[in-house]
Amino acid sequence: MKRLSALLIMLLLLLGTVPAPAAEQSCLVPRGRPYENTFSDVPDGLWCAPYVRTVYETRLMEGFTQDRFLPGGNLTNAQITVVAARLYDLLTGGDGEIPAPADGESWYRGAYDLLADAGVLAQNTPGEQHTGLLWYDFQAADPCFRFFFAAVLSATVRAAGAELPALNEVERIYDLTGEEEDFPDILRFYNAGILNGCDRYGGLHGSSRLTRGEASAMLSRIVDPAQRLTFTLPGLDLCADVLCLAPDSPVLTVGGESFTAQQFAYDLCLGLSQSARPEDGLDFGVIRMKRTVAISRLGREQGLTPDSSAEYLLEHWDGYLGLSRSAWQWQAERDSYYVPLLRAYAERYGDKLYLAKLESDLDAQCAQLTVGFSAQFEALDLDALYQRAKELNIG
C-alpha cells in the first residue's frame, strides 16, 4: 500500500508538470477561454480564422454577437481604445479587465484613461501640450482607420515594454512618407511580422477603414510570436511597374511642352485608381497636366515670380508612391505660379470675384492647349494599366 501511495503521489506530481500545448506556450498573454467553432461566420478556411480564435481565447476581442464575429465589419475609435487597453493590461501582467467609468462618463473612458496614463493616448485636456496620440478630434463612434490602429498598437506595445524581434528587412512602405514612417514607427511592425500590407508591394492603405478581421490579425501576431509573418516585399516603381515605361520616357505633349513618364505617372495613376473606367482615369490625368501648363503660362504672361518649392518636405518623399525625389521635386514646382496668381487676382478683382476670374482665365488657357501622346504610350494596354493602378493605394 505504501508503495502504491508513493506511485500515486509521483503520478500526480508528473501530471502537474505536463507542459502546456505549444500554441499556448508561445503566446505572450494567457488564453483564458476555449474556442470551439464559436462564430458561425468564421469558417475554418477563412483567412482570419486562426486570428479570430486567438483574440477570442485571449479575451482581446469579443464577437459582434454571441455567434457572429463579423470579420468584415468595422471597429470604431472607442472600440479600438478598449482593445488596446486590454492588450496593454495583459502585456503588463494584468487580467485584461478595464476599470469601469465613473457615473456619467462614456463607456470607454476607463480604457482611455488607462492608455493616457501609460503615455499611449494624450490626456483630453484643452490647452495642454500632448505627447501621446490623439483620437478625440474624431468622433468616438467613427470607424477607425488602419493607420491609426497601427499607430495605437505600436505605441501600446512600446509602452508595455514588449519586444518585437525583427524577422524581415523592410526599409520603405510605398504609401507612407518618411515623416509617417517615423511616427509611430510602423516600419517596426512590418519588420516584426505584425503587418505585411494590403497589396503585393506591402502598402499600408492607412486611410482605409479597419475591419474586425484585420484587427484580429494584428493583435494575434503581437501576442503570439508563432503567428508572425516572414516575407520580402518588392520595391514599387510606379513608372516601371504600372506604366511599364522608363521614368524619362516621353509620354505626352501639352501645348507643345513635352512630359515624361515620371511627370505624368502620379496624375495618371491617381485618376485610374479613382475612376470607374480606364478612359475616365486617363482624361483626369490629361486635364491635370493641361491645368499645370495653363497655370505656368498665365503666371509667366503676367510677369509673376513663382513660389519656391518646399525643399524640407522632399527628403521625406523620395520613394513615396514609387516615385523618385526628382519626380516629387517636379510635383512641388509644377504649380508654383498658382499662389502668386491668387494674390495678383485678389488685388485686381477683390475678394468676391478674384477666384472665379482666375478659374475662368485658366479654363480659357486650357481650351487652347492641344494634347498628343507618344508612340510608346499609345502602345500601352490601358485596361491592363488600369488594373495595375487599381491594386495600389494611390491618393
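In this report, the structure presented in the accompanying data block is examined. (Residues numbered from 1 in each chain as written. Predicted model: local features only at pLDDT ≥ 70, side-chain atom pairs only at ≥ 80, totals over all residues. Heavy atoms only, no water.)

A look at the nonpolar core
Under the convention used in this document: In this text, buried Ala, Val, Leu, Ile, Met, Phe, Trp, Tyr and Cys residues form a nonpolar core when linked through side-chain atoms within 4.5 Å. Only protein chains enter the accessibility calculation, which uses a 1.4 Å probe; a residue whose area is less than 20% of its type maximum is buried, one above 50% is exposed, and one in between is partly exposed. By definition, any uninterrupted DSSP run of H or I lasting at least four residues is a helix, any uninterrupted run of E lasting at least two residues is a strand, and each is numbered from the N terminus. Contact criterion: two residues are considered in contact whenever any of their non-hydrogen atoms come within 4.5 Å of each other.
In terms of nonpolar packing, the biggest core is built from 66 residues, with Leu87, Phe149 and Leu219 touching the most fellow members. When residues of this core are traced back to their parent elements, those giving at least two are helix H3 (49-57), helix H4 (77-91), helix H5 (109-117), helix H6 (146-160), helix H8 (186-191) and helix H9 (212-223). No other element matches H4, which puts ten residues into this core. Those residues in contact with Leu219, other than ones at most four positions away along the chain, are Val55, Leu60, Met61, Val83, Leu87, Phe149 and Leu153. Residues Val251, Leu298, Tyr345 and Leu392 belong to the second largest nonpolar core, which totals 47 residues.

Re H6
The criterion, for reference: Helix span is expected to be 1.5 Å times the residue number reduced by one.
Taking 1.5 Å of rise per residue, the 15 residues of H6 would be expected to cover 21 Å, and the 21 Å separating its terminal C-alpha atoms lies within 8% of that figure. Regarding H6, the residues found buried are Arg146, Phe148, Phe149, Ala150, Ala151, Val152, Leu153, Ser154, Thr156, Val157 and Ala160. Considering only its buried residues, H6 is in contact with H4, H5, H8 and H9. Downstream of H6 by one or two residues, Gly161 has phi in the positive range, about 75°.

Comments concerning the side chain of Thr292
Inspection of the secondary structure puts Thr292 in helix H12 (residues 278-301). Looking at Thr292, the relative accessible area reads 5%, which means it is buried.

As for the pattern of salt bridges
We apply this condition: Criterion for a salt bridge: a side-chain nitrogen of Lys or Arg within 4 Å of a carboxyl oxygen of Asp or Glu.
Under the counting rule described, the total for this entry stands at 15 salt bridges. One salt bridge connects Arg300 with Glu257, and the closest N-O pair in it is separated by 3.9 Å. In this pair, Arg300 is assigned in helix H12 and Glu257 in strand S2 (residues 257-260), connecting sequence segments 43 residues apart. On the basis of relative accessible area, Arg300 is assigned to the partly exposed category, the value being 45%. Overall, the relative accessible area of 27% leaves Glu257 in the partly exposed class.

So, unusual backbone geometry
Note on backbone geometry: most residues besides glycine have negative phi, and most peptide bonds are trans. You will see that Arg59, though not glycine, has its phi angle at about 65°, which is positive. Its place among the elements puts Arg59 in the loop between H3 and H4. Unlike most non-glycine residues, His205 shows phi in positive territory, near 55°. His205 gets classed as buried once you look at its relative accessible area, which sits at 13%.

Considerations on helix H18 (residues 382-390)
What counts here: In this description, one arc is meant: the one made by directions from the helix axis to the C-beta atoms. Any pair of nitrogen or oxygen atoms within 3.5 Å is treated as a polar contact; in protein, a donor-acceptor pairing is required on top of that, and neighbouring residues in sequence qualify only through side-chain atoms on both sides.
Regarding H18, the residues found buried are Leu385, Tyr386 and Ala389. Summarising the axial view, the buried residues of H18 lie within an arc of 105°, below the 170-degree limit, and thus occupy one face. On its buried face, H18 sits against helix H10 (238-243), helix H11 (261-274) and H12. Where H18 begins, the capping side chain belongs to Asp381, and its oxygen is found 3.1 Å from the backbone nitrogen of Asp383.

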